[in-house]
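Chain by chain, the residues run as shown.
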Amino acid sequence: MPFIPLPLVIVAGGKSSRMGSDKALLPFGDFKTLTEYQLARLQPFFERLHVSTKTRDKFDFDASFIEDNTTYTEHSPLVALLSILEYVNKPVCILSVDTPFVTPEIFHALANNLKETTDAVIAVSPSSSHPLCAIYAPSMIAKIKHALQHHNHKMHHLLEQSKTHYVHFKEDAPFLNLNHPEDYAYAKERL
Ligand SMILES: Nc1nc2c(ncn2[C@@H]2O[C@H](COP(=O)(O)OP(=O)(O)OP(=O)(O)O)[C@@H](O)[C@H]2O)c(=O)[nH]1
């Protein structure tokens, strides 16, 4: 199994409006929460793990939490990304909490495509791109601030305007994203 010499941040501060209850806190596998499941399975493969959230209060376990910059009150992965990059200030792996089948090998392939001049390395599978299965460099900070100041929360728009490298994977299955209750039920069966 590969070791990726970068930090990984599990992004877990969303509204979960489609799921109807906070995805980050759903039980998964042998774990009380999906967040703890992700931390436990991925911890051996990265330099350091963190959890990105609006506030740490919702979690009743210890971890390294990166709270969102309070200048921006809206729910948006861009707010999470800005707060993360300001905190770690080095290239960082990013994974949405609701993708329990993304493997360390996927991040290893992303890391192999990270160059000094790259702003972002993004995973792409046959059906879509995955901006929250990615590596971002601190060079994105100014671009994200500019986008937020203009109330533009579209990650795809930001990536088009950056030095983005896309890494193509053959299958969609590892990127399954738990947005709705039926996705959660399916993921528990697949586990
Ligand atoms: N820290 C942080 N994470 C966020 C924020 N908004 C979304 N996320 C995370 O970003 C990832 C993708 O979010 P979405 O699936 O688009 O949104 P969601 O809020 O989780 O779900 P919906 O409300 O159903 O769209 C999830 O892992 C969320 O936890 C935010 O403002 N702060």
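Bear in mind the structure is a predicted one, so any value in this text is a computation, not a measurement.

## Regarding the overall build of the protein chain
- Counting its secondary structure elements, the protein chain contains six helices and seven strands.
- The order of α-helices and β-strands along the protein chain, N terminus first, is β-α-β-β-α-β-α-β-β-α-α-β-α.
- C-alpha atoms of the protein chain, sized along the principal axes, occupy 40 × 35 × 30 Å.
- For the protein chain, the residues scored as buried account for 51% of the 191 residues in total.
- Total accessible area on the protein chain stands at roughly 9,400 Å², and carbon and sulfur atoms take up 52% of it.
- When the 18 positive and 21 negative side-chain charges of the protein chain are each reduced to one mean point, those points stand 4 Å apart.

## Observations regarding the UniProt feature "domain: MobA-like NTP transferase" (unreviewed entry) in the protein chain
- In this numbering, the UniProt entry assigns the feature "domain: MobA-like NTP transferase" (unreviewed entry) to residues 9-162.
- Within residues 9-162, the helical portion is 29% and the strand portion 22%, while the C-alpha atoms at the span's ends are 21 Å from each other.

## Some words on the site of the ligand
- The environment of the ligand is made up of 22 residues, and the closest members are V11, K15, S17, D68 and S76.
- Within the backbone of S16, an N or O atom sits 3.1 Å from an oxygen atom of the ligand.
- At 2.6 Å, a side-chain N or O of D68 approaches a nitrogen atom of the ligand.
- Surface burial for the ligand is 87%, taken as the share of its 610 Å² of free accessible area covered by protein chains.
- Of all the secondary-structure elements, those providing two or more residues to the shell around the ligand are β2 (46-53) and α2 (77-88).
- Partitioned by chemical class, the residues of the shell around the ligand number six nonpolar, ten polar and six charged.

## Comments concerning the UniProt feature "binding site: GTP" (unreviewed entry) in the protein chain
- The UniProt record marks V11, A12, G13, K23, D68 and D98 with the feature "binding site: GTP" (unreviewed entry), using the residue numbering of this structure.
- Mapped onto the elements of the fold, A12 is located in the loop between β1 (4-11) and α1 (34-42).
- Looking at where D68 falls in the secondary structure, it is placed in the loop between β3 (65-67) and α2.
- Non-local contacts of D68, meaning those with residues more than four positions away in its chain, are made with S52, T53, K54, V79, A80 and S83.

## Things to note about the packing of aromatic side chains
- Counted according to the given criterion, the structure contains seven aromatic pairs.
- Plain terms: the ring middles of F169 and F175 are 5.7 Å apart, the flat faces sit at 55° to each other, and that makes the pair tilted. An identical accessibility class is assigned to F169 and F175; each is buried.
- An aromatic cluster is built from F28, F31 and Y37, whose rings are joined through pairwise contacts.

## Examining the state of the cysteines
- Taken as a whole, this structure holds zero disulfides when the rule is applied.
- Free of any disulfide, C93 has its nearest cysteine sulfur in C133, 8.8 Å distant.
- Given a relative accessible area of 3%, C133 falls into the buried group.

## A short note on the side chain of T35
- Within the fold, T35 resides in helix α1.
- In this structure T35 comes out as buried when scored by relative accessible area, which is 0%.
- Look past the residues within four positions of T35 in its chain and what remains in contact with it is A12, A24, V51, F59, F61 and V97.

Reading the values: rules and limits
Residues numbered from 1 in each chain as written. Predicted model: local features only at pLDDT ≥ 70, side-chain atom pairs only at ≥ 80, totals over all residues. Heavy atoms only, no water. Helix = DSSP H or I, 4+ residues; strand = E, 2+ residues; numbered from the N terminus. Buried < 20%, exposed > 50% of the residue type's maximum accessible area, 1.4 Å probe, protein only. Areas by Shrake-Rupley, 256 points an atom, 1.4 Å probe, with all protein chains shown as cover. Lys, Arg positive; Asp, Glu negative; His and termini not counted. Charge placed at Lys NZ, Arg CZ, Asp CG, Glu CD. UniProt positions renumbered as here; feature names shortened; annotations may be inferred. Near = heavy atom within 4 Å. Polar contact = N/O pair within 3.5 Å; in protein donor to acceptor, adjacent residues only side chain to side chain. Nonpolar A, V, L, I, M, F, W, Y, C, P; charged D, E, K, R; others polar. Contact = heavy atoms within 4.5 Å. Phe/Tyr/Trp six-rings, centres within 6.5 Å; stacked < 30°, edge-to-face > 60°. Disulfide = S-S within 2.5 Å.

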